[in-house]
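These are the residues of each chain, in order.
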Amino acid sequence: MGFGGWNAKRGRVRTVVTGLGSVGLASIVVVLGLVTGAAAEPCDVAADLEYVALGDSYSSGYGLPDAAGPCDRSSEYSYPVRIQQSAQFGTFTDVSCAGARTRDFYTAQNGSNPRQLDALSEDTDVVTFTIGGNDLGFTDIITDCATDGDCRDAYGGPGMPDLMNKISGPVGDDIQQAMSDAAAAAPNAEIFVLGYPDLLPASPTGPAWTLSCMPTSLVVSSPERTDLRAVQLALNEEIAMRASAAGATLHYVDTYTPSVGHDLCSSDPWVSVLNIYHPTVTGMLAMALLAQQAIEAEWDRRDAAERAQASAQHAAQRAALVQSAPTLTDDELTQHWNTYADDRDMQEVVEAEWDRRVTTTLPTGDEMQELEWAYANMSPSKYQEVERRILTDP
């Protein structure tokens, strides 16, 4: 089952969220309720929910202090782990793996990590992943730019048109197919696809760039930096577009826009050259927060839709009862009263029809007898009407 029925069956996971315009490590920790090395207390426990993390090195935690194993997977600091620490889903499975491409959704990786889609089933409720960067070879591209001359020549020249065409063509196609197949493998889940955070700053340009972001600026020229930013932005936009096209259960989580100003050259970086252009501990905390915001927003949207649907159904049932009440026998009317014992709105419809019937036999003449009869046979509201009429009559 998806988010739609979680309220009734499984309880809810709530996370307090704030804007990320100038958020730093301390405020992220407070907001998420996370403490390094310790699990957070959940606001509500989702003990029966199943959360599965797929994806590449931006999901596995490559470069983090505890990243280990063939997949360079973090057990404490990656954003999937941070989400789990905060939400405490009943079941958590992490098959993300450094170096993963979309093909690794379908085939085993590194001889040990099974095909990632095998972790999904109809029992899965929440899925997160980053994917597509390795299909494009983005980390290798940045490394090439840091070690060669003008790396743009290898990708069609200024603007890197070869990469842009690859993004909108085969890479985008593979990403969308992987998303669609994930949705098919987990038909009852909501799937959140995270973009990649900003790596390089937009300014300064020209000679000032060389002094602003050492050591990266010593090996990546200002024009290369500008085009690399455009390529990364195009990749994120393509992922967002493909998520929208892949189905209603796919949701793109924009990590790029909030991360602008937290590039590897900033004083509060979410990515680091020491991590080979991958997220830092702070960056992973920020990604976890953004993902949980998205999860909560979708959850609330589904809840609101369910409430609206239930309200419309109730209104239709009430209208039908109002129309049919005059045709019901007394026994049928009593049966409806009992059926709607917990629905005061529907009981009022039954009361109104009952009062209409008994009003025609209300005795007149003796006011005390009239009051006693009304008390015994009418609803409280109708009795009060009779009482007020008698008391106010001259």
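Calculation criteria
Residues numbered from 1 in each chain as written. Predicted model: local features only at pLDDT ≥ 70, side-chain atom pairs only at ≥ 80, totals over all residues. Heavy atoms only, no water. Helix = DSSP H or I, 4+ residues; strand = E, 2+ residues; numbered from the N terminus. Buried < 20%, exposed > 50% of the residue type's maximum accessible area, 1.4 Å probe, protein only. Contact = heavy atoms within 4.5 Å. Areas by Shrake-Rupley, 256 points an atom, 1.4 Å probe, with all protein chains shown as cover. Core = buried A, V, L, I, M, F, W, Y, C linked by side-chain atoms within 4.5 Å. Axes fitted to C-alpha atoms, helices over the stretch in contact; angles between N-to-C directions. Parallel < 35°, antiparallel > 145°, perpendicular 65-115°, else oblique. Left-handed = near helix turned anticlockwise from the far one by under 90°. Phe/Tyr/Trp six-rings, centres within 6.5 Å; stacked < 30°, edge-to-face > 60°. Lys NZ or Arg CZ within 6 Å of the ring centre and 35° of its normal. Pairing = 2+ DSSP bridges. pLDDT = per-residue confidence, 0-100. Disulfide = S-S within 2.5 Å.

1. Considerations on the overall build of the chain
And step 1. Helix and strand content of the chain: 16 helices and seven strands.
And step 2. When the 394 residues of the chain are sorted by exposure, 48% land in the buried category.
And step 3. Counting only contacts in the chain whose residues sit at least 6 apart along the sequence, the fraction spanning at least 24 positions is 71%.
And step 4. Summed over its atoms, the accessible surface of the chain is roughly 17700 Å², and 54% of this surface lies on carbon and sulfur atoms.

2. What to know about the nonpolar core
And step 1. Ranked by internal contacts, the top residues of the largest apolar core, which has 49 residues, are Leu54, Phe129 and Met179.
And step 2. Looking at this core, the elements that each hand over two or more residues are β3 (126–129), α6 (138–147), α7 (161–185), β4 (190–194) and α10 (222–246).
And step 3. Top contributing element to this core by residue count: α7, with eight residues.
And step 4. With near-sequence residues (within four places) excluded, Phe129 lies in contact with Leu54, Gly55, Ser59, Tyr79, Phe105, Met179, Ala182, Ile191, Phe192, Val193 and Leu194.
And step 5. With 24 residues, the next largest nonpolar core counts Tyr51, Leu194, Val253 and Ala286 among its residues.

3. Remarks on the packing of helix α15 (residues 367–377) against helix α16 (residues 380–392)
And step 1. At a minimum axis separation of 9 Å, α15 and α16 run at an interaxial angle of 165°. On the basis of the axis angle, α15 is roughly antiparallel to α16. As for the relative orientation of α15 and α16, their crossing is left-handed in sense. Only Tyr383, Val386, Glu387, Arg389 and Ile390 of α16 make contact with α15, whose side of the interface consists of Glu367, Glu370, Leu371, Ala374 and Tyr375.

4. Remarks on the packing of aromatic side chains
And step 1. Under the definition given, this model contains four aromatic pairs.
And step 2. With a centroid separation of 5.0 Å and an interplanar angle of 90°, the aromatic rings of Tyr58 and Tyr196 are classed as edge-to-face. Of this pair, Tyr58 sits in helix α3 (residues 57–60) while Tyr196 sits in the loop between β4 and α8 (207–212), and the two are 138 residues apart along the sequence.
And step 3. By the ring-pair criterion, three or more aromatic residues cluster together here, those being Tyr51, Phe89 and Phe92.
And step 4. A cation over an aromatic ring shows up here: Arg225 above the ring of Trp209, its NZ or CZ 4.2 Å from the ring centre.

5. Structural notes on the sheet that holds strand β2 (residues 89–94)
Strand pairing within a sheet occurs via backbone hydrogen bonds; the two strands may be parallel or antiparallel.
And step 1. Ordered in space as β2-β1-β3-β4-β5, the five strands form an open sheet in which the pairing is parallel. What marks the edges here is a single partner per strand, and that holds for β2 and β5 (250–253). The average undirected angle you get between the axes of adjacent strands in this sheet is 20°.
And step 2. Here β3 pairs with β4 via four bridges, running parallel. Looking across to β4, one finds that Phe129 is bridged to Val193.
And step 3. Set on the sheet, α7 makes contact with β3, β4 and β5; between it and β4 the angle comes to about 155°.
And step 4. Packed onto the sheet, α10 meets β4 and β5 and runs at close to 160° relative to β5.

6. Observations regarding the confidence of the model for the chain
And step 1. Of all residues in the chain, 87% have pLDDT values of 70 or greater, and the mean over the chain is 85.
And step 2. When the elements of the chain are averaged for pLDDT, helix α1 (residues 6–10) gives the smallest value, 41, and β3 the largest, 98.
And step 3. Confidence drops under a pLDDT of 50 for residues 1–43, and excluding neighbours within four residues, the segment shows 105 contacts in the predicted structure.

7. Side note on the side chain of Glu238
And step 1. Position of Glu238 among the secondary structure elements: in helix α10.
And step 2. Looking at Glu238, the relative accessible area reads 9%, which means it is buried.
And step 3. Not counting residues up to four positions away in its chain, the partners in contact with Glu238 are Ile167, Ser168 and Gly172.

8. Section: the environment of Pro70
And step 1. Mapped onto the elements, Pro70 comes out in the loop between α3 and α4 (79–87).
And step 2. Taking the C-alpha atoms as reference points, Pro70 and Gln109, separated by 39 residues in sequence, lie 9.0 Å from one another.
And step 3. Not counting chain neighbours up to four residues away, the residues in contact with Pro70 comprise Cys97, Asn110 and Ser112.

9. Details of the state of the cysteines
And step 1. Scanning the entire structure with this criterion turns up three disulfides.
And step 2. Here Cys71 engages in a disulfide with Cys97; their sulfurs sit 2.0 Å apart. Since a negative S-S torsion denotes a left-handed disulfide, the Cys71-Cys97 link at about -85° is left-handed. Here Cys97 lies in the loop between β2 and β3 and Cys71 lies in the loop between α3 and α4, a separation of 26 residues in the sequence. Both residues of the pair, Cys71 and Cys97, count as buried.
And step 3. One disulfide bridge connects Cys213 with Cys265, the sulfur atoms lying 1.5 Å from each other.

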